[in-house]
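# A structural walkthrough
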Amino acid sequence: MKRPAKDIIQSTRTIGRRGLVVGGLQLGIMGAIGFRLHDMQVEQADQYRMLAEENRISMRLLPPARGMIFDRNGLAIAANEQNYRVVMVREDAGDIEQVMARLREIIDISPEDAARAIEEMRRRAPFVPVTIVERVSWDDVAQINLNTPVLPGVQAEVGLSRFYPMGEDMAHVVGYVGPVSDYDLSQIENPDPLLQIPKFEYGKTGAENRLEEQLRGAAGNRRIEISAAGRIMRELDRQEGIPGKDIQLTIDARLQSYVQARLEGESASAVVIDLENGDLRAVVSSPTFDPNMFVRGISVADWRALNENKYRPMAAKAAQGTYPPGSTFKMVTAMAAVEAGVIGPEDTVYCPGHADVSNIRFHCWRRGGHGNMNLHEAMKQSCDVYFYDIAQRVGIDKIAEMARRLGLGERHDLPLSAVATGIAPDRAWKTNVRGESWRIGDTVNASIGQGYVLTSPLQLAIMTARIATGHAVKPRLVRLFDGVEQPGGLGEPLGINENLLRRVRASMDAVMNETRGTAHGSRIVAEGRKMAGKTGTSQVRRITSEERAAGVIRNEDLPWERRDHALFVGYAPLDNPRYAVSVVVEHGGGGSAVAAPVARDILLQAQYGGTPPLEAYPSNLRDQIAEQQRRIAERIPAGMRSEGRA
């Protein structure tokens, strides 16, 4: 049966349309292939010709410039310097032992560095560049470039390394950087790819560690073409990293250098706070160390010397160390008792030289006693028995509450290593921590800053700042972050009666400026610059009854480790307080003889903005002070000295 003509015509049209579609697709595919072949054979002919000769494309991370750290006046205290280094890439080198042997014939590489680098390359991904040696000379770089054909996978690069212009003076504040370790990586949940680069510099201590993420920046990358002989042929693409953010601290580098020099020879610490805004002007621990040693690779001998030094130069004592505050704590006890109404400022307590509590005799530092003492006289002469008595009346819980209001027993959030919390003990603390009940003898010990009470020099400076201002001064270490001002200020009022604060300040004035004050010999005589303060001496050993009967052994006759700690807290000037200071000299002896003169010199330096005139000191001390100023000037670099202002 024949198909109708109409059906035949329709079928033919359908086949024609399909043919056109299929043909069009074929032409499109052939056109695309032709375009790609033209691009590869004509436009990119040179590149593929080189690749055909076994050239390789390599991607490399570019470490960003680390953010710099400045003091409050814009002086660089953590900077970057150029560093020529030699790196090797395992996948490009092939036989890494053989290449290393050739490299050692060309430049000086110790067997230890060579072995370390080979081990590092085996542990890392094959495409990761491993640093063989750093800080090589330009002559070494030239030799490597000349011998590239026999050193596959080896390259000389220029990068940036950390440098600390102030060396020892800022070590405990700024800290230092060092190569990223496996331990560092284990402490980070999702490590930045930058941290996988061997010998990448990472903040280890101090502000370098606490502000690591802000200072590090973000990686860049580059795509390079490497010939079969290992020579870099050209850079195909480059994307620079994002530099780390610059940070300005509140520290005054010149004051910091002065305090470090003033504490030289002591195992000690000092903190200076600006009362207008809580800025930490100086945070010093002594002895100290050069952080540049850690950046460049510290030797075994140097590391052993630091670790075995009994004065602990690696310890950031100003914020990390905790000590019994001794008599500097007496302001806390007095304020708690008067605020609670258990004693008035003019009420007296009789001091016969001791107090018997629960069949235990607690002694006053003055063996014959002080007689009748009110608040003013007890503070001025530092009578222990007065504080034993009022502490029993008010109780430890209220004393601990006052201590915390004044900043003790609290961890202050600062970008420093291991900021200590200290202990402001109360009944609950002893039950929870020691599993024992609080005893009345514990209260007596705590009343004069002994027993379980522990404070850091930083906390003592904050306590003093709060007493001087009546506000909850909070310490600030970072002033500007990437050019943006960080929060700071005087803080909210403490809520302590102003009359009580005036009484305590007046007694601290008397400590310095009245004849029988315990620190009268360390006073400032310049008008408008005078200071107020409180001495402290904390025992580190128990004095037996037999020793008391025979005569208490003098500190200077004891081994260094058994001597008392010397402490002092103070502020200046009297009428309009601007700076507060705390000083702790480990095993220094008496606070009045050892710590108070240091605090006086620091407060004068802060007030004058440099070396104060001799007329600021009592006349009998001026020859001694002139010699001291000469010695300190020799210790401080010329660029860090300041003559002060009138």
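That block above? That's the structure.
Attention in this report is confined to the structure presented alongside it. Here the residue index of a chain counts from 1 through its sequence in written order. pLDDT decides what is reported in this predicted model: residues at 70 or higher carry local features, side-chain atom pairs at 80 or more are listed and counted, and totals for whole chains, interfaces and linings draw on all residues regardless. Neither water nor hydrogens contribute to the side-chain values; these are computed over all heavy atoms in the structure.

## What about the pattern of salt bridges?
By convention in these notes, a salt bridge is any Lys or Arg side-chain nitrogen within 4 Å of a carboxyl oxygen on Asp or Glu. According to the stated counting rule, one finds 43 salt bridges in the structure shown. Here Arg578 and Glu276 are joined by a salt bridge, their closest N and O atoms 3.6 Å apart. One end of the pair, Arg578, is in the loop between strand 20 (565–572) and strand 21 (579–585); the other, Glu276, is in the loop between strand 11 (268–274) and strand 12 (280–286), and 302 residues separate them in sequence. A relative accessible area of 52% means that Glu276 is categorised as exposed. Here Glu627 makes a salt bridge to Arg630, at a shortest N to O gap of 2.4 Å. One end of the pair is Glu627 and the other is Arg630, both in helix 25 (residues 622–635) and three residues apart, which spans about a single turn. Accessibility here uses a 1.4 Å probe with only protein chains present; expressed as a share of the type maximum, an area under 20% marks a residue as buried, one over 50% as exposed, and anything in between as partly exposed. On the accessibility criterion, Glu627 (34% relative accessible area) is partly exposed. Taken together, the salt bridges that share partners define one network made up of Arg66, Arg162, Asp192, Glu208, Glu212 and Arg216. Going along the chain from the N terminus, every DSSP run of H or I of four or more residues is numbered as a helix, and every run of E of two or more is numbered as a strand.

## Comments concerning the side chain of Lys534
Tracing the backbone through its elements, the reader meets Lys534 in strand 19 (residues 532–538). When charges are tallied, Lys and Arg are placed among the positive residues and Asp and Glu among the negative ones, while His and the ends of the chain are skipped. For the buried Lys534, which has no salt bridge, the nearest side chain bearing the opposite charge is Asp384, at an N-O separation of 7.5 Å. Within 3.5 Å is the distance limit for a polar contact, defined as a pair of N or O atoms, with the added protein rule that one can donate a hydrogen and the other accept it, and that residues adjacent in sequence qualify only through two side-chain atoms. In this structure the side chain of Lys534 is engaged in a polar contact, spanning 2.9 Å, whose partner is the side chain of Ser382. When residues no more than four places from it in sequence are discounted, the contact partners of Lys534 are Ser327, Thr328, Lys330, Met331, Met379, Ser382, Val511, Leu567, Phe568 and Val569. Residues are treated as being in contact if the distance between any of their heavy atoms lies within 4.5 Å.

## Some thoughts on empty space enclosed by the protein
Two kinds of site are reported from a 1 Å grid over the protein atoms alone, namely cavities, where a 1.4 Å probe fits but cannot get out, and pockets, open sets with protein on both sides within 12 Å along at least five of seven lines, and residues are called lining when an atom falls within 4 Å of a point. Grid points are joined across faces, edges and corners, and a volume is the space filled by probe spheres set on the points. One pass over the full model with this rule turns up one cavity of 30 Å³ or more. Space inside the largest cavity adds up to approximately 40 Å³. Listed by contribution, the elements that provide at least two residues to the lining of the largest cavity are strand 12 and helix 14 (317–320). Here the term charged refers only to Asp, Glu, Lys and Arg, the term nonpolar to Ala, Val, Leu, Ile, Met, Phe, Trp, Tyr, Cys and Pro, and the term polar to all other amino acids, Gly among them. A breakdown of the residues in the lining of the largest cavity according to their chemical character gives five nonpolar, two polar and no charged.

## Focus: the environment of Pro637
As for its position among the elements, Pro637 is in the segment after helix 25. Along the backbone, Pro637 and Ser257 are 380 residues apart, and their C-alpha atoms lie at a distance of 8.8 Å.

## Section: the nonpolar core
One recurring pattern in soluble globular proteins: nonpolar side chains tend to sit buried together. By size, the foremost hydrophobic cluster in this structure holds 96 residues, and its most contacted members are Leu249, Leu280, Val332, Met335, Tyr386, Leu406 and Met463. Looking at this core element by element, the count peaks at eight residues for helix 21 (residues 457–469). Contacts of Val332, omitting those with residues within four sequence positions, involve Ile399, Met402, Ala403, Leu406, Leu408 and Met463. Core analysis: the next-biggest nonpolar cluster, separate from the first, contains 38 residues, Tyr258, Val259, Ala268 and Met512 among them. Put simply, a nonpolar core is a bunch of buried Ala, Val, Leu, Ile, Met, Phe, Trp, Tyr and Cys residues held in one set by side-chain atoms that sit within 4.5 Å of each other.

## Remarks on the packing of helix 15 (residues 330–340) against helix 17 (residues 384–394)
Axis geometry follows a simple rule: fit a line to the C-alpha atoms, using only the stretch in contact for helices, then measure angles between N-to-C directions, giving values from 0 to 180 degrees. Taken N-terminus to C-terminus, the directions of helix 15 and helix 17 make an angle of 45 degrees; their axes are 9 Å apart at the nearest point. By the criterion of interaxial angle, the relationship of helix 15 to helix 17 is oblique. Classified by chirality, the crossing of helix 17 by helix 15 is left-handed. From helix 15, Lys330, Thr333, Ala334, Ala336, Ala337 and Ala340 reach across to helix 17, where they touch Asp384, Phe387, Ile390, Ala391 and Val394. What sets the label is the angle itself: under 35 degrees gives roughly parallel, over 145 gives roughly antiparallel, 65 to 115 gives roughly perpendicular, and the rest give oblique. Here a crossing is called left-handed whenever its near helix is offset anticlockwise from the far helix by less than a right angle, and right-handed whenever the offset is clockwise.

## Side note on the packing of aromatic side chains
We call Phe, Tyr and Trp rings a pair once their centres come within 6.5 Å, taking the six-membered ring for Trp, and we label the pair stacked below 30 degrees between planes, edge-to-face above 60, and tilted otherwise. Inspection of every chain in the model, using the stated rule, returns 10 aromatic pairs. For the ring pair Tyr176 and Phe289, a centre distance of 6.1 Å and an interplane angle of 85 degrees mean the geometry is edge-to-face. Taken as a pair, Tyr176 in the loop between helix 7 (171–174) and strand 6 (177–179) and Phe289 in the loop between strand 12 and helix 12 (292–296) lie far apart in primary sequence, 113 residues in all. Taken as a pair, Tyr176 and Phe289 share a single burial class, namely buried. Through pairs of rings, three or more aromatic residues link up here, namely Tyr176, Phe289, Phe294 and Trp303. As a reminder, the over-ring test applies to NZ of lysine and CZ of arginine, requiring each to be within 6 Å of the ring centre and within 35 degrees of the ring normal. Positioned above the aromatic ring of Tyr608 is the side chain of Arg529, whose terminal nitrogen or guanidinium carbon lies 4.0 Å from the ring centre.

## Some points on helix 21
For helix 21, built from 13 residues, the straight-helix expectation of 18 Å at 1.5 Å per residue is met to within 8% by its first-to-last C-alpha distance of 19 Å. Looking one or two places after helix 21, you find Gly470, whose phi comes out positive at around 75 degrees. Expected helix span is taken as 1.5 Å per residue step, with the number of steps being one fewer than the number of residues.

## Re the packing of helix 11 (residues 253–262) against helix 24 (residues 591–608)
One way to put it is that helix 11 packs onto helix 24 with a least axis distance of 10 Å and a crossing angle of 160 degrees. With respect to their mutual orientation, helix 11 and helix 24 come out roughly antiparallel. In the packing of helix 11 onto helix 24, the handedness of the crossing is right-handed. Contacts between helix 11 and helix 24 involve Leu255, Tyr258, Val259 and Arg262 from the first element and Pro597, Val598, Asp601, Ile602, Gln605 and Ala606 from the second. Here the residues of the contact of helix 11 with helix 24 sort into seven nonpolar, one polar and two charged.

## Focus: the environment of Phe362
Topologically, Phe362 is positioned in strand 15 (residues 360–363). Given a relative accessible area of 10%, Phe362 falls into the buried group. In this structure the C-alpha to C-alpha distance between Phe362 and Gly441, which are 79 residues apart in sequence, comes to 9.0 Å. Contact partners of Phe362, with chain neighbours within four places excluded, come to His354, Ala355, Val357, Tyr388, Gly441, Val444 and Asn445.

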